[in-house]
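Overview (structure and organization)
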Amino acid sequence: MLFSENPEIKSSHIILFVFWIYLLQPLNAQTGNQKSVYWQLGVGNTYLYDNYLSPLPHDGISALFSSGSMKPLKWGLPDSIGTSFDEVKWFSQCNFSINPVYGQSSAGSTLIYGNIDLRKSILRQIVSDPKYHISTGAFAALSGGGRYSIHNGNNPGSVDAMFDLGITVFSDYKFILWKRSMIVSYQGSMAMAGLAFSPEYAESYYEIFYLNNHKNIIKFTNPINKQHWRQQLSLNIPISGRKSSFRVSYWNEGRISMFNNIRTRVLSNHFSVGYISYFSIL
Amino acid sequence: MKRTALLLILIFSLCACREEVNESTDSKNTFETLWSILDEKYCFFDAKGVDWDQVHDKYALRVDTCKNSDSLLKVLGEMICTLQDGHVNLYTAHDLIRYWKWFEDYEPNFDESLQRNLLGTDYQISSGLKYKIIGGNVGYITYSSFTSAISDAGLDYIFNYFENCRGIIIDVRDNSGGNLSNVNKLACRFTEKKFICGYIRHKTGPGHNDFSEPYPIYLEPYQGKKYTKKVVILTNRMCYSATNTFVTVMRQLPNVIIMGDRTGGGGGFPISSMLPNGWSVRFSSCPTYDENYKLTEEGIEPDSTVYLTDHDIQRGVDVIIETAYSLLQKN
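Attention in this report is confined to the structure presented alongside it. In this text the structure is predicted, and so the values were computed from the model without any measurement.

Moving on: the environment of Asn225(A). Residues and elements named next belong to chain A. Considering the arrangement of structural elements, one finds Asn-225 in the loop between β8 (218–221) and β9 (226–239). Dropping the residues within four chain positions of it, Asn-225 is found in contact with Phe-220, Ile-256, Ser-257, Met-258 and Phe-259. Engagement of the side chain of Asn-225 in a polar contact is seen with the backbone oxygen of Phe-220, the distance being 3.0 Å.

In structure tokens, the structure reads:
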């Protein structure tokens, strides 16, 4: 009854269900694999600028929820070899993140921003040592979001929608501290090409979505017209043996675009805490 | 490793990429920001023959003498009124700066008490529409604002209710606009075929003539209950913005007559922005055109010009409604 009376709740449950299926998909793969799944929650600051909505930058508190998984891949290896991170060169990552922001300008105007990002990365270890690894690879990401200006009466919002292909670097270093084996890891990613949605300079969303004027609203992106990077520095502290870790992270992300004379910037810094579970399904 | 280090340096260097914006709240910067926003995004400079650079030079001198926010507001208000555009407003916590001469300089041609007398107390209301069958089997609908929602179910009922009427009068006098989707929702009930009812362009860059190609705007017939008998639309100078668009669209239909005074105009699609001192500005950024690619900013002439005089009001007769009624009776 509850679902039939409130379709919004029903939709949100479906979205959550799809999201969990996406995250748990690596766990249902082959047996004998090592995998890790993580969740992290952070707070920080985000800088927003969008000259389509306002000539003023907005700055404010923001939150970050990120979740994902990492698993080794057996590409080109005989079946007799197991798929642990120490044995294979290739591994994949899935990541999902949500970043809501409440920004205010020096003039007191409010800009609310939200973004959802879903990405898949494939990486190859290029340096492997018992103590440290360095891997590089590529990722594909889908992200969408938008800004809402409370003070703008006639064009209160703008929308982000983009598909990115990019490069990523991942490295980790193991060390012993207080008789505990800890891992410090860094991952940096940068979009190199893709597609992005953008209205024309002063085109209204009424024109795009109601009158269906779709010309020139999809842009090919490159590092000149759009920069999107993400970097995360983490310290993983093992808890309950080797099955799980507590994580503290610094997360930095930037999205800068310049399409159709519309300049947008989203620059965020978050400190987060999280939890990692390591799985080895027999 | 060197490449990785270079990449990291590049990534970290991007972290400092904040936009350079002068956020000073002083009079000079507030003026320059307002002038620049309009310079880059306002759409009717050439159509109205406004030399915006000259306006800058004239008002910059006056801004230098402003000693408080009230005097600044006065100067900026005067500056934006040079555009003679009802969609250009400056919003502060204590005042709304506006250009309203598009109706203030003209006779109202509308009297609310006469409309109340006509409607009586037994009229029906469907969302923003008030309606009844007045004597002689003529339907009457008044719609006071396109911001008021109208529903398909409500329109179905109304046009079934008016099905046996000789015709209907739609009174949009004193309706100063609202939501364009309501324009489409109402207008599509009066046509049997899809047609180009106008054009729209938008700014593609900060130059005064950086416009997109004109995009046609179509009106598609409603797939349901329609009304194709005679319709008279009553207008006055207060018909602005979305109402001006409604009249632009409706006058192209063969069964529709526009009656009353010229509409007020407001053919620019407005957008909003913000000034460093917290004031908001609204202005026209997308020009709209009629089916002949003529700007609708200056209003639409009625098919039949009828004025409501003070003498008529004293007599208690709304001659615009009476004329529409007589026309439909002859039908």
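Our next topic: the interface of chain A and chain B. Facing 44 residues of chain A, the contacting portion of chain B comprises 46 residues. Between chain A and chain B lies a buried interface of about 3,900 Å² when both sides are counted; carbon and sulfur atoms form 61% of it. Per-residue buried area on chain A facing chain B is highest for Asn154(A), Tyr201(A) and Ala202(A); these three make up 16% of the total on that side. Where Arg263(A) meets Glu19(B), a salt bridge forms, and the shortest distance between an N and an O atom there is 2.7 Å. Linking chain A with chain B are 16 residue pairs in polar contact (both at pLDDT 80 or more), by the criterion used here. Its residues assigned to classes, the side of chain A that touches chain B comprises 21 nonpolar, 16 polar and seven charged.

Residues and elements named next belong to chain B. Looking at where Thr-82 falls in the secondary structure, it is placed in the loop between α5 (69–81) and β1 (89–91). In this structure the C-alpha to C-alpha distance between Thr-82 and Val-55, which are 27 residues apart in sequence, comes to 8.1 Å. If we skip the residues at most four places from it in the chain, Thr-82 touches Val-50, Trp-52, Val-55 and Tyr-59. A polar contact is formed between the side chain of Thr-82 and the backbone oxygen of Met-79, at a distance of 2.5 Å.

What follows concerns the packing of aromatic side chains. Per the stated rule, a full pass over the model turns up 27 aromatic pairs over all chains. With 6.3 Å between their ring centres and 5° between their planes, Trp35(B) and Trp52(B) make a pair best called stacked. Of the two residues, Trp35(B) is situated in helix α2 (residues 27–41) and Trp52(B) in helix α4 (residues 52–63); the sequence distance between them amounts to 17 residues. Classification of Trp35(B) as buried rests on a relative accessible area of 11%. Cluster of aromatic residues (ring-pair linked, three or more members): Trp35(B), Tyr42(B), Phe44(B), Phe45(B) and Trp52(B). The ring of Tyr38(A) carries the charged tip of Arg247(A) above its face, separated from the ring centre by 4.9 Å.

Definitions and cut-offs
- Residues numbered from 1 in each chain as written.
- Chains lettered and ligands numbered in written order.
- Predicted model: local features only at pLDDT ≥ 70, side-chain atom pairs only at ≥ 80, totals over all residues.
- Heavy atoms only, no water.
- Helix = DSSP H or I, 4+ residues; strand = E, 2+ residues; numbered from the N terminus.
- Contact = heavy atoms within 4.5 Å.
- Polar contact = N/O pair within 3.5 Å; in protein donor to acceptor, adjacent residues only side chain to side chain.
- Buried area = accessible area lost by both parts, 1.4 Å probe.
- Salt bridge = Lys/Arg side-chain N within 4 Å of Asp/Glu carboxyl O.
- Nonpolar A, V, L, I, M, F, W, Y, C, P; charged D, E, K, R; others polar.
- Phe/Tyr/Trp six-rings, centres within 6.5 Å; stacked < 30°, edge-to-face > 60°.
- Buried < 20%, exposed > 50% of the residue type's maximum accessible area, 1.4 Å probe, protein only.
- Lys NZ or Arg CZ within 6 Å of the ring centre and 35° of its normal.

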